[in-house]
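One-letter residues, chain by chain:
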Amino acid sequence: MIKAFHLYQIFEKNLYALKDISLEIEKGEFVFLVGPSGAGKTTLIKLFYGDLIPTKGQIIVYGRNMVRLPGKEMPYLRRQVGVVFQDFKLLYDRTVFDNIAFVLEAIGKDERRIAEIITGVLKVVNLSSKRDVMPHFLSGGEQQRVAIARAIVNDPVLILADEPTGNLDKKVSEDILNIFLQLNKKGTTVIMATHDEDIVKKLRKRMIKIEEGRIIEDTGKTE
Amino acid sequence: MKSFNIRYFIKEGIKNIFRNKAVSFNSILTISLALLIFSIFLLISTNIRYVIEGWESSADITIYLVENISESKIAELKDLLTEEKFIKSVKFISKEEALKNFSEDDDIKQLIEILGENPLPNILEVYFIKDRKTSENIALLREKTSKYPEIEDIQSRGEIARILYTSKTLGLILSVIFLFLAMLISSNTIKLTVLSKETEIEIMKLVGATPLFIKLPFVTEGIIKGITGAFLSLILLYLLYFALNISFDFSYFITVNFISFQQVLLIILTGGLIGCFGALVTLRKFLKF
């Protein structure tokens, strides 16, 4: 799914966000990206969905060379990738339904199918009853579930989650994590950045540890 | 893009306009005022052209004579003029003859009936030999005839047209300046929409909306504003035209014509283009991919 060779991300002279990162993540894997804040987790995730292009090195995502991918094709790659953030990034001027419908409209999906797809995806994140609620009236965990619903509405092959539980308490975090595990069970590759090592230890999934822009530990593929 | 849903873009464009009602209204008003200046200019130049075309004679030079000029003076003037090698012919047209020529024109016939007398002047029409109508020769004629008090005025063909042409150019330049300002203002209001939709645009990029898909609603927003402004300016222009016609109602020979259908289309098109380019300018600056 992802192959990276000697990635460097240099923001300013001598400001190395990533140093010599090489890794391979296979289809269907569940990978935790851990490390302290500022270690480079977010930068690495941005490279995975093409929000950044590496200063040096090569990266291949779902068979496409991100360094050489023409700008025209980027939107089509992004449709294969679902991204979830710590701060949800919802649109607060519209309902849960419209937050998700908006994504489907943006990629030109047939209007008649939109309602049907959204009903299905809200069931996955267990939010069917909140369909017509404005995000302001939702708890943090519920908002994150809307964000996940939005990320998976295109049936992505890869889900990238950048600290998705960073703002949530333990119980809610587990719920969110369970959704990701379920999606992973169905074959979706999941990469989740977190600094909560408790979650990681409990689950015994592959863990890649980053510190100061370098991989300092990779448990490799488990199971 | 597989399914190109025009309805979606128009809907989004209208939503954008209503998102920022006061600002949108201002920009529509600015566009309509700029277009109004443009259309007033069209209205005036069209009407003046009709008048000029109807009145200017085909002679190279027209010499206006006093009313009670004697036959001998006319002959003297004629000889004086034909003396010059560059002049082909000189033709005297008395006010009575002129009236006969004009009497096919109903408006003027009516006017004369009201006046009870013939307002047309006696004239000498002077024709030059081909290619000899130079400004030096015209000046020479003016000098030669300057001592005759029987001559009221000398007008060379194209003089009025030239003045008209200059004012037309000025009007056009003025219109272009105002239209450009309107475009900048419209572009600025679209910038506000773009900035207010930052998160929305970020998410659209994230989920794989194409740049065209993201940009088009702003372009439709601009075009809708421009066309609305154009219609508004046409309404204002019509009111103005209506007011003019009422105030000229007692005058029999000035009829103000409204701008032509093509000019109406031109104004609507210009409005649309102003909005469209305004949007494109903003998108170039604020939407990087």
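Below is a summary of the structure that appears in this document. What you see is a predicted model, and the numbers here were worked out from it, not measured in a lab. (Residues numbered from 1 in each chain as written. Chains lettered and ligands numbered in written order. Predicted model: local features only at pLDDT ≥ 70, side-chain atom pairs only at ≥ 80, totals over all residues. Heavy atoms only, no water.)

### Section: the overall build of chain B
Stage number 1. When helices and strands are counted, chain B shows 10 helices and 4 strands.
Stage number 2. Mapped from its N terminus to its C terminus, chain B presents α and β elements in the order α-α-β-α-β-α-α-β-α-β-α-α-α-α.
Stage number 3. The buried share among the 289 residues of chain B stands at 42%.
Stage number 4. Surface summary for chain B: the accessible area is close to 16500 Å², and the carbon and sulfur share equals 64%. (Helix = DSSP H or I, 4+ residues; strand = E, 2+ residues; numbered from the N terminus. Buried < 20%, exposed > 50% of the residue type's maximum accessible area, 1.4 Å probe, protein only. Areas by Shrake-Rupley, 256 points an atom, 1.4 Å probe, with all protein chains shown as cover.)

### A look at the interface of chain A and chain B
Stage number 1. Contact with chain A, which involves 20 residues of that partner, is made by 20 residues of chain B.
Stage number 2. Summed over both sides, the interface of chain A with chain B buries roughly 1700 Å², with 58% coming from carbon and sulfur.
Stage number 3. For the pair chain A and chain B, the interface holds 2 salt bridges.
Stage number 4. A:K89 serves as the salt-bridge partner of B:E202, at 3.4 Å between the closest nitrogen and oxygen. (Contact = heavy atoms within 4.5 Å. Buried area = accessible area lost by both parts, 1.4 Å probe. Salt bridge = Lys/Arg side-chain N within 4 Å of Asp/Glu carboxyl O.)

### Structural notes on the sheet that holds strand β2 (residues 15-25) of chain A
Residues and elements named next belong to chain A.
Stage number 1. On the basis of which strands lie adjacent, the open sheet formed by 4 strands has the order β2-β1-β4-β5 and antiparallel pairing. Bordering the open sheet on either side are β2 and β5 (64-65), each of which pairs with just one other strand.
Stage number 2. Bridging between strand β1 (residues 2-12) and β2 involves 7 bridges; their strand directions are antiparallel. Looking at β2, one finds that K3 is bridged to E24. (Pairing = 2+ DSSP bridges.)

### Here's the deal with unusual backbone geometry
All names here are of chain A.
Stage number 1. Backbone geometry places F88, a non-glycine residue, at a positive phi of 65°.
Stage number 2. Looking at the element boundaries, F88 is found in the loop between β6 (81-84) and α3 (96-106).
Stage number 3. One non-glycine residue, N126, lies in positive phi territory at about 60°.

### Thoughts on the sheet that holds strand β7 (residues 158-162) of chain A
Residue and element names in this part refer to chain A.
Stage number 1. Taken in spatial order, the 6 strands line up as β6-β7-β8-β3-β9-β10 in an open sheet, and their pairing is mixed. The open sheet has two edge strands, β6 and β10 (214-218), and neither has a second partner. The average angle at which neighbouring strand axes cross in this sheet is 20°, direction not considered.
Stage number 2. For β7 and strand β8 (residues 189-194), the ladder comprises 5 bridges, and the chain directions are parallel. Bridging across to β8, I159 finds its partner in V190.
Stage number 3. Lying over the sheet, helix α5 (residues 140-152) contacts β6 and β7, oriented at roughly 165° with respect to β6. (Axes fitted to C-alpha atoms, helices over the stretch in contact; angles between N-to-C directions.)

### Focus: empty space enclosed by the protein
Residue and element names in this part refer to chain A.
Stage number 1. Scanning the entire structure with this criterion turns up 3 cavities of 30 Å³ or more.
Stage number 2. Contributing elements (two or more residues each) for the lining of the largest cavity: β6 and α5.
Stage number 3. Partitioning the lining of the largest cavity into residue classes produces 7 nonpolar, 2 polar and 3 charged. (1 Å grid on protein atoms, 1.4 Å probe; cavity = no way out; pocket = protein on both sides within 12 Å on 5 of 7 lines; lining within 4 Å. Points joined across faces, edges and corners; volume = space filled by probe spheres on them. Nonpolar A, V, L, I, M, F, W, Y, C, P; charged D, E, K, R; others polar.)

### A few points about helix α3 (residues 71-82) of chain B
Residue and element names in this part refer to chain B.
Stage number 1. Spanning 12 residues, α3 covers 17 Å between terminal C-alpha atoms, matching the ideal 16 Å at 1.5 Å per step.
Stage number 2. Buried within α3 we find I74, L77, L80 and L81. For α3, the arc enclosing every buried residue in end-on projection is 125°, short of the 170-degree limit, so these residues lie on one face. Opposite its buried face, α3 presents the exposed residues E71, S72 and D79, each directed more than 90 degrees away.
Stage number 3. Contact partners of the buried residues in α3: β1 (61-65), β2 (87-93), β3 (122-128), α6 (135-145) and β4 (151-156). (Expected span 1.5 Å × (residues − 1). Arc of directions from axis to C-beta.)

### Here we look at helix α1 (residues 41-48) of chain A
All names here are of chain A.
Stage number 1. Among the 8 residues in α1, 6 count as buried, and that is most of the element.
Stage number 2. Among all positions of α1, only K41, T43, L44, I45, L47 and F48 are buried.
Stage number 3. Downstream of α1 by a residue or two, G50 has a phi angle that is positive, lying close to 75°.

### Side note on the packing of aromatic side chains
All names here are of chain B.
Stage number 1. Applying the stated rule across the entire model yields 11 aromatic pairs over all chains.
Stage number 2. On the numbers, 5.4 Å between centres and 50° between planes, the contact of Y238 with Y241 is tilted. Taken as a pair, Y238 and Y241 lie in helix α9 (residues 211-247) at a separation of 3 residues, close to a single helical turn.
Stage number 3. Judged by relative accessible area, which is 42%, Y238 ranks as partly exposed.
Stage number 4. Exposure remark for Y241: the relative accessible area of 14% places this residue in the buried category. (Phe/Tyr/Trp six-rings, centres within 6.5 Å; stacked < 30°, edge-to-face > 60°.)

### Notes on the environment of B:I87
Stage number 1. Residue position: B:I87 is located in strand β2.
Stage number 2. Along the backbone, B:I87 and B:I129 are 42 residues apart, and their C-alpha atoms lie at a distance of 5.5 Å.

### So, the environment of B:V207
Stage number 1. Tracing the backbone shows B:V207 in the loop between α8 (198-206) and α9.
Stage number 2. Among the residues examined, B:V207 registers a relative accessible area of 9% and is labelled buried.
Stage number 3. Residues in contact with B:V207, not counting those within four places in the same chain, are A:R78, A:R79, A:V103, A:I107 and A:N154.

### A word on the pattern of salt bridges
Stage number 1. Scanning all chains against the criterion turns up 21 salt bridges over all chains.
Stage number 2. Residue A:E163 is joined to A:K41 by a salt bridge in which the shortest nitrogen-to-oxygen separation is 3.6 Å. Highlighted residues: A:E163 in the loop between β7 and α6 (170-185) and A:K41 in helix α1, separated in sequence by 122 residues. For the pair A:E163 and A:K41, one class covers both residues: buried.
Stage number 3. Between A:K171 and A:D175 there is a salt bridge, with its nearest N and O atoms 3.2 Å apart. With A:K171 and A:D175 both in helix α6, this residue pair falls 4 residues apart, about one helical turn.
Stage number 4. Here the salt bridges share partners, and the residues they tie into one network are A:D93, A:R94, B:K197 and B:E200.

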